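# Chains, contacts and geometry: an overview
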Amino acid sequence: MLDIDFADAGVVMLKGRLDASQSEKAQTFLDGLDQASVLDFSNLEYISSAGLGVLLRTQKRLMASGGGLKLINVNNHIMDVFRFSGFDHIFEVQGAVDP
Amino acid sequence: MNEKFHRSFDSLQQIFDFTERFYSAESIDPRHRFAVNFAIEELFTNMVKYNAGNPHRVLIEMEQLDGELVAHLTDFDVDPFDVTVEREVDTESPLQDRQIGGLGLHLIPKMIDSIDYDYDEPARRSRITFTKALR
């Protein structure tokens with residue numbers, strides 16, 4: 001399951017799993033963004049290629065109008081996926097700080 | 001441990017419940033679980049996307065063997081599709097040139113240790129086996 005909603009200061013909080021069964025829900029929410037935005041991944045446990053597609057589609061749309069996504073508090077597993085897919089070059093990504 | 005799953009993205013929650021039961025039963029270190037779930041989701045959703053009308057369920061089997069996690073995904077009454085054939089995916093171009101899609105199969109070998117594909121022609125059965133070292 002995936003929860004996605006606005007938190008303080010317009011930051012978008014994601015919680016749970018961004019897999020193929022949840023990508024439509026995430027895309028619908030992110031399609032509502034119309035400016036540069038911060039996505040907080042501190043409670044996002046997992047992402048698959050379906051989730052990467054959602055992020056890429058949103059980034060393309062926002063960058064075309066001068067915005068873009070910043071992804072913060074990204075866990076090590078998701079960071080690996082970003083590196084392997086080259087997403088660390090097309091998004092501003094900030095890893096989670098180890099406790 | 002094995003179970004069959006309906007060919008639908010909606011089966012993913014049941015699949016992840018199944019893998020969690022396996023991890024608990026076999027005391028699999030949590031650091032290996034993301035990669036195994038990732039490979040299973042990408043392979044399963046590939047089967048869903050390219051044989052949507054096929055009524056057969058997909059069989060997933062998992063076992064721990066000689067320090068490795070071994071997973072098999074078996075698809076019934078399908079044409080061959082070798083997921084181990086390397087497919088070019090652009091991971092270096094600027095944003096505007098990136099394509100949406102195709103990343104899943106490209107990423108799997110980076111997450112796990114081996115992957116094999118077998119097709120039984122008379123039975124029209126595809127069987128994918130991958131391993132993840134549990135070191």
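Refer to the preceding data block for the structure.
For the structure given in this document, a descriptive report is provided here. (Residues numbered from 1 in each chain as written. Chains lettered and ligands numbered in written order. Predicted model: local features only at pLDDT ≥ 70, side-chain atom pairs only at ≥ 80, totals over all residues.)

A few words on the overall build of chain A. A tally of helices and strands in chain A yields 3 helices and 5 strands. Ordered by position from the N terminus, the helices and strands of chain A form the series β-β-α-β-α-β-α-β. Against the globule reference of 13 Å for 99 residues, chain A gives a C-alpha radius of gyration of 12 Å, in line with a compact fold. Taking the principal axes of its C-alpha atoms as reference, chain A extends roughly 35 × 30 × 25 Å. For chain A, buried positions account for 37% of its 99 residues. In chain A, of all internal contacts separated by at least 6 residues, the share reaching a separation of at least 24 is 62%. (Helix = DSSP H or I, 4+ residues; strand = E, 2+ residues; numbered from the N terminus. Rg over C-alpha atoms; globule rule 2.2 N^0.38 Å. Buried ≥ 20, exposed ≤ 12 C-beta atoms within 10 Å, placed from the backbone. Contact = placed C-beta atoms within 7 Å.)

The contact between helix α3 (residues 76-85) of chain A and helix α3 (residues 103-111) of chain B brings their axes to 10 Å, and the two run at 115°. When the axes of α3 of chain A and α3 of chain B are compared, the pair comes out roughly perpendicular. Considering how the two elements wind past one another, α3 of chain A and α3 of chain B form a crossing that is right-handed. When α3 of chain A is examined against α3 of chain B, the residues V81, F84 and S85 of chain A are found in contact with a partner set consisting of L103, L107 and K110 of chain B. The residue makeup of the contact of α3 of chain A with α3 of chain B, split by class, is 4 nonpolar, 1 polar and 1 charged. (Axes fitted to C-alpha atoms, helices over the stretch in contact; angles between N-to-C directions. Parallel < 35°, antiparallel > 145°, perpendicular 65-115°, else oblique. Left-handed = near helix turned anticlockwise from the far one by under 90°. Nonpolar A, V, L, I, M, F, W, Y, C, P; charged D, E, K, R; others polar.)

In this section: the sheet that holds strand β2 (residues 58-65) of chain B. Residue and element names in this part refer to chain B. Taken in spatial order, the 5 strands line up as β1-β2-β3-β5-β4 in an open sheet, and their pairing is antiparallel. Of all strands in the sheet, those bounded by a partner on one side alone are β1 (2-5) and β4 (114-120). Ignoring strand direction, the axes of neighbouring strands in this sheet form an average angle of 15°. Each of β1 and β2 touches helix α1 (residues 12-26); the most contacted strand, β2, lies at about 15° to it. (Pairing = 2+ DSSP bridges.)

Moving on, we get to the pairing of strand β3 (residues 37-47) of chain A. All names here are of chain A. Strand direction decides the pairing type here: strand β2 (residues 12-18) and β3, joined by 6 bridges, are parallel. The partner of G16 across the bridge, within β3, is L44. Taking the sense of rotation as the criterion, the β-α-β connection linking β2, helix α1 (residues 23-30) and β3 turns out right-handed. Judged from the 4 bridges that link them, β3 and strand β4 (residues 69-74) form a sheet pairing that is parallel. (Right-handed = clockwise from strand over helix to strand, strands pointing away.)

Nothing here speaks to function; it is geometry throughout.
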